[in-house]
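Residues per chain are reported as follows:
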Amino acid sequence: MYNYLIKIEYDGTKFVGWQTQKNGKSIQGTIEKVFQKILKTKVRVIGAGRTDKGVHAFSQHGNFKINKKITSKKIFLESTNHFLRKKQISILDIKKKSEDFHARHNAKLRTYEYLIINRQGSLSIFKNRAWLVKKKIDLKLFKKGAKLLEGTHDFSTFRSSSCSAKSPIKKMDIVKVSKSKDIIKIRFSSRSFLQNQVRSMVGCLKYLSTNKWNLKDFKEAFYSKKRNRCAPPAPACGLYLNDIKY
């Protein structure tokens, strides 16, 4: 049995998310169909992270096992990308791994990036790829709130009611905010995340930085550990799975 790790890039706009579902086209299901066509056998791809509907990825990873060896990396990538290109999915790399390797369980660090465009004008290039916030964002307040999220905390406030994680306690290794002209990027790095956690945190940071909340309100919502104290989550279109370290 051969076990392969693939690196994947995709635009999630037209998909129901990574995971195969009955109610629409998924990234996972689309890739599996193409692999079955190329490899002439049924293939199951295990993703490193289950991105939601509309979320994008620069560097999603997944592994799959098959009985025959892939002899040419170049031919495999060219063949799969030929069929995936129109779906706005790309397989960027493939590597042989040990038989016990698991794309999700063996991940040591995941990095997500959220993209905000802070201006009055509507989006054209970044349509469906960023969150347009027209109200002026106070970057200093945004950074103060982001700093509070670093470290080990109970993130229940930012946890979706359908989240299946065993514990709401996570360690945020990095929460970094940067701005260039009207583009604000927020980078989150952790070994694992709760369902909807990043989008919920960004939604609360937006409330804080646009004076819907003050810093005390933000802290009270965060430390309350109550989902009903969370601001509306940021839209999926601005979220990217940026990197995974093994």
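Residues numbered from 1 in each chain as written. Predicted model: local features only at pLDDT ≥ 70, side-chain atom pairs only at ≥ 80, totals over all residues. Heavy atoms only, no water.

Chemist: Explain the pairing of strand 9 (residues 183-190) to me, and be specific about the residues and the numbers.
Modeler: Examined bridge by bridge, strand 5 (residues 109-118) and strand 9 share eight bridges and lie antiparallel to one another. Residue pairing across strands places Leu115 opposite Lys185, the latter belonging to strand 9. In this sheet, strand 9 lies alongside strand 8 (residues 169-180) in antiparallel orientation, the contact comprising eight bridges. Looking at the pairing, Lys179 lines up with Ile184 of strand 9. Linkage of strand 8 to strand 9, two consecutive antiparallel strands, is achieved through a turn of two residues, within which Lys181 is found at a positive phi near 60°. (Pairing = 2+ DSSP bridges. Helix = DSSP H or I, 4+ residues; strand = E, 2+ residues; numbered from the N terminus.)

Chemist: So what about the nonpolar core? Which residues, and what values?
Modeler: Counting 67 residues, the largest nonpolar core has Ile31, Phe35, Phe64, Ile116, Leu149, Ile186 and Phe188 as its most contacted members. Top contributing element to this core by residue count: helix 4 (residues 197-209), with six residues. If sequence neighbours within four positions are ignored, Ile31 has contacts with Ile8, Trp18, Val45, Leu84, Ile89 and Ile91. In this structure, Leu115, Leu123, Ala130 and Tyr240 belong to the second largest nonpolar core, which totals five residues. (Core = buried A, V, L, I, M, F, W, Y, C linked by side-chain atoms within 4.5 Å. Buried < 20%, exposed > 50% of the residue type's maximum accessible area, 1.4 Å probe, protein only. Contact = heavy atoms within 4.5 Å.)

Chemist: I'd love a proper account of the pattern of salt bridges, names of residues and values included.
Modeler: Under the definition given, this model contains 10 salt bridges. Taking the shortest distance from any N to any O, the salt bridge between Asp11 and Arg129 comes out at 2.6 Å. With Asp11 in the loop between strand 1 (2-10) and helix 1 (27-39) and Arg129 in the loop between strand 5 and strand 6 (131-133), this pair connects stretches of sequence that are 118 residues apart. Asp11 gets classed as buried once you look at its relative accessible area, which sits at 11%. Two residues, Asp173 and Lys171, come together in a salt bridge whose shortest N-O distance is 3.9 Å. The exposure class assigned to Asp173 is partly exposed, which follows from its relative accessible area of 37%. Judged by its relative accessible area of 47%, Lys171 is partly exposed. (Salt bridge = Lys/Arg side-chain N within 4 Å of Asp/Glu carboxyl O.)

Chemist: Describe in detail helix 4, supporting the description with residues and values.
Modeler: Taking 1.5 Å of rise per residue, the 13 residues of helix 4 would be expected to cover 18 Å, and the 18 Å separating its terminal C-alpha atoms lies within 8% of that figure. Most of helix 4 sits inside the fold, with 11 of its 13 residues counted as buried. Within helix 4, the full set of buried residues consists of Gln197, Val198, Arg199, Ser200, Met201, Val202, Gly203, Cys204, Leu205, Leu208 and Ser209. Where helix 4 terminates, the next one or two residues include Asn211, which has phi positive at roughly 65°. (Expected span 1.5 Å × (residues − 1).)

Chemist: Can you tell me about the environment of Trp18, naming the residues and giving the values?
Modeler: Summarising the element assignment, Trp18 is placed in the loop between strand 1 and helix 1. Under the relative-accessibility criterion, Trp18 is labelled buried at 2%. Separated by 138 residues in sequence, Trp18 and Ser156 place their C-alpha atoms 23 Å apart.

Chemist: Lay out the pairing of strand 1 with the relevant residues and their values.
Modeler: Relative to strand 3 (residues 56-66), strand 1 runs antiparallel, the two being bridged by eight bridges. Paired with Lys7 across the two strands is His61, which belongs to strand 3. Both strand 1 and strand 4 (residues 89-97) contribute to a ladder of eight bridges, which runs antiparallel. Paired with Lys7 across the strands is Asp93, a residue of strand 4.

Chemist: Give a detailed account of the packing of helix 3 (residues 139-149) against helix 4, specifying residues and quantitative values.
Modeler: The description of two packed helices rests on the angle between their axes and on the distance between the axes. With their axes 8 Å apart at the nearest point, helix 3 and helix 4 run at an angle of 140° to one another. The two elements helix 3 and helix 4 cross, and the hand of that crossing is right-handed. Residue-level contacts link Leu141, Phe142, Gly145, Ala146 and Leu149 of helix 3 to Met201, Leu205, Lys206, Leu208 and Ser209 of helix 4. (Axes fitted to C-alpha atoms, helices over the stretch in contact; angles between N-to-C directions. Left-handed = near helix turned anticlockwise from the far one by under 90°.)

Chemist: Would you mind going over the environment of Leu77 in detail, with residue names and values included?
Modeler: Mapping Leu77 onto the fold places it in helix 2 (residues 73-84). A residue is classified by how much of its surface remains accessible, and Leu77, at 14% relative accessible area, is buried. Put simply, Leu77 and Ser90 are 13 residues apart on the chain and 8.8 Å apart in space, counted from C-alpha to C-alpha. Apart from residues no more than four positions distant in its own chain, Leu77 is found in contact with Ile91, Leu92, Asp93 and Ile94.

Chemist: How would you summarise the environment of Glu150 if you had to cite specific residues and measurements?
Modeler: Considering the arrangement of structural elements, one finds Glu150 in the loop between helix 3 and strand 7 (151-154). Looking at Glu150, the relative accessible area reads 23%, which means it is partly exposed. Separated by 38 residues in sequence, Glu150 and Phe188 place their C-alpha atoms 9.0 Å apart. Filtering out sequence-adjacent residues up to four positions away, Glu150 remains in contact with Met172, Asp173, Ile174 and Val175. Of the polar contacts made by the side chain of Glu150, one reaches the side chain of Lys147; its length is 3.1 Å. (Polar contact = N/O pair within 3.5 Å; in protein donor to acceptor, adjacent residues only side chain to side chain.)

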